[in-house]
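Notes for the structure review
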Amino acid sequence: MHIAYLGPEIPALSATFVYREILALRERGHKVTPFTVRPPAALATDVDLGVVDVLYGGAAQQLLGTATSFLTMPGQGLSIFVKALGDTINGVGTSNKALGLPWQAAAGLRLATTLKAIGADHLHVHFAHFPTQIAMYASDAAGLPFTVMGHANDLYENPLLLPQKAERSAGFTTISAHNVELLVDMGVTQEKLSVTRCGLPHLPETLPGQRALQGPITIGSLGRLVEKKGMLDLIKAFSALRASRSNLRLEIVGDGPQRSAMEVLIVEHGLEEDITLRGALPNSEVLSWLDRLDLFVLACRQDQNGDKDGIPVALMEAMMKGIPVVSSRLTGIPELILDRETGYLSEPAHPESLAATIDLALVNDTERKTIRKQALDHLHREFSMDVNMKRLETLFEGARP
């Protein structure tokens, strides 16, 4: 099958799961042609997907491309612009982002021209907000089916026309059962929905030996330094722990707008010698960094705009490496971390709960050994690349006319 793949930014450092899927589908014999709405702000440099067409280049280039596509497919172009106008009227009452739909229809028309030229059989799109808004018009104009994979921000913070998108799609999959329930509550038809995880490739069959908690205990966290990752909560929890545990250190990998606030908090708590902000790392270096950790913590929370994480891949990667994990009872995370079975859960936006949960994760060697094994087994059953590629292939096959 020739599958066109569309995402907001491909290949982005913060969305390894998208390019991993592309590579896995190619390994399974599919031809996959990637498209990106815009160039990645943080490019993943450890992967080569070949040429990735960019839909949003310069404004003059986009206008010229749209005019050329309209002349090539005038009937389809008129049809999708009429549909985009109706969608704008329908959606603007709930979000002013609906005003961008005609522009996204233009991008969809340009994409449709290319899809027809390359002979694509199917269009699959990651994230259910603006990439799907482009994809549904491209699908209409090109006359080929499209499927959607929803994640987190695209559903929680940007839920524009989700029932309509699902209805027009040949299938709407998402990363968690939590999201399925949310989408049904929003009016999406249950029959359109399925669960597909962000799969991990090359899961080990066995884990390395358990590290003895001797000398400095290294806690790690990784993610964009934004409110929903809870890094300020983690620093506060770490400060509370240091009052009774002098042998802890914390390393945080990532970059983002909260870095300066984190630096101020670290100084306020006198933790300059105990906390290291390492900045962003490519995925290949992240995996070797994980090997040095005793515990991985991601203090996910809802931000002031309603955005929150789905199931962070960083948690899966730590579990794959045999690192016990701590995170929050939030969204789909309890589907990955079964509390005190495959990891530990704390209350979101609650540094005291987080500190107590981290302490619990460090005190019981026997429980930690059991949890490491159960975490790997859970990954194999539910979060492996092979399991989830089969789910995607079933979705694509079901979309065929």
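Preceding block: the structure.
What about the sheet that holds strand 10 (residues 275-279)?
Pairing is parallel in the open sheet, where six strands are placed in the order 10-9-8-11-12-13. For this open sheet the edge positions go to strand 10 and strand 13 (344-346), each flanked by a neighbour on one side alone. Averaged over all adjacent pairs, the angle separating strand axes in this sheet is 25°, with direction ignored. The pairing of strand 8 (residues 217-222) with strand 11 (residues 295-297) spans two bridges and is parallel. Within strand 11, the residue paired with Ile-219 across the bridge is Leu-295. Across the sheet, helix 14 (residues 351-363) is in contact with strand 8, strand 9 (248-253), strand 11, strand 12 (325-328) and strand 13; its angle to strand 13 comes to roughly 165°.

A few points about helix 3 (residues 74-91)
For helix 3, which comprises 18 residues, the first-to-last C-alpha distance of 25 Å matches the rise-based estimate of 26 Å (1.5 Å per residue) to within 8%. Within helix 3, the full set of buried residues consists of Gly-77, Ile-80, Ala-84, Asp-87, Thr-88 and Gly-91. Looking straight down helix 3, one finds its buried side chains confined to an arc of 100°; they lie on one side. Opposite the packed face of helix 3, turned more than 90 degrees from it, sit the exposed residues Leu-78, Val-82, Leu-85 and Ile-89. Considering only its buried residues, helix 3 is in contact with helix 2 (59-72), helix 4 (101-118), helix 5 (130-142) and helix 7 (162-168).

Brief notes about the pattern of salt bridges
For the structure shown, the criterion picks out 26 salt bridges. Taking the shortest distance from any N to any O, the salt bridge between Arg-38 and Glu-9 comes out at 3.2 Å. Taken together, the residues Arg-38 in the loop between strand 2 (31-36) and strand 3 (53-54) and Glu-9 in the loop between strand 1 (2-7) and helix 1 (16-27) connect sequence positions 29 residues apart. Glu-347 is paired through a salt bridge with Arg-329; the nearest N and O atoms lie 2.8 Å apart.

A closer look at the pairing of strand 5 (residues 146-150)
The buried count for strand 5 comes to five of five residues, which makes it a mostly enclosed element. Because side chains alternate across strand 5, one face comprises the buried residues Phe-146, Val-148 and Gly-150, and the other comprises Thr-147 and Met-149, equally buried. Relative to strand 5, strand 4 (residues 122-126) is paired through four bridges, and the arrangement is parallel. Bridge pairing links Val-125 to Val-148 in strand 5. You can see the chain leave strand 4, run along helix 5 and come back into strand 5, and the turn it takes is right-handed. Note that strand 5 and strand 6 (residues 172-174) share three bridges and pair parallel.

Brief notes about the packing of helix 2 against helix 4
It is at 9 Å that the axes of helix 2 and helix 4 come closest, and there the two elements cross at 60°. Compared by their axis directions, helix 2 and helix 4 come out oblique. At the point where helix 2 passes helix 4, the crossing takes the left-handed sense. Along the contact surface, helix 2 presents Gln-62, Leu-63, Gly-65, Thr-66, Ser-69 and Phe-70, while helix 4 presents Trp-103, Ala-106, Leu-109, Arg-110 and Thr-113. Taken together, the residues of the contact of helix 2 with helix 4 sort by class into five nonpolar, five polar and one charged.

Some points on a nonpolar patch on the surface
A cluster of nonpolar side chains, Phe-70, Leu-78 and Val-82, forms an exposed patch at the surface whose accessible area comes to about 280 Å². Inspection of the secondary structure puts Leu-78 in helix 3. On the accessibility criterion, Leu-78 (53% relative accessible area) is exposed.

What counts, and where the lines are drawn
- Residues numbered from 1 in each chain as written.
- Predicted model: local features only at pLDDT ≥ 70, side-chain atom pairs only at ≥ 80, totals over all residues.
- Heavy atoms only, no water.
- Pairing = 2+ DSSP bridges.
- Helix = DSSP H or I, 4+ residues; strand = E, 2+ residues; numbered from the N terminus.
- Axes fitted to C-alpha atoms, helices over the stretch in contact; angles between N-to-C directions.
- Contact = heavy atoms within 4.5 Å.
- Expected span 1.5 Å × (residues − 1).
- Buried < 20%, exposed > 50% of the residue type's maximum accessible area, 1.4 Å probe, protein only.
- Arc of directions from axis to C-beta.
- Salt bridge = Lys/Arg side-chain N within 4 Å of Asp/Glu carboxyl O.
- Right-handed = clockwise from strand over helix to strand, strands pointing away.
- Parallel < 35°, antiparallel > 145°, perpendicular 65-115°, else oblique.
- Left-handed = near helix turned anticlockwise from the far one by under 90°.
- Nonpolar A, V, L, I, M, F, W, Y, C, P; charged D, E, K, R; others polar.
- Patch = residues over 30% accessible without salt bridge, like charges linked within 9 Å, V, L, I, M, F, W, Y side chains within 5 Å.
- Areas by Shrake-Rupley, 256 points an atom, 1.4 Å probe, with all protein chains shown as cover.

Nothing here speaks to function; it is geometry throughout.
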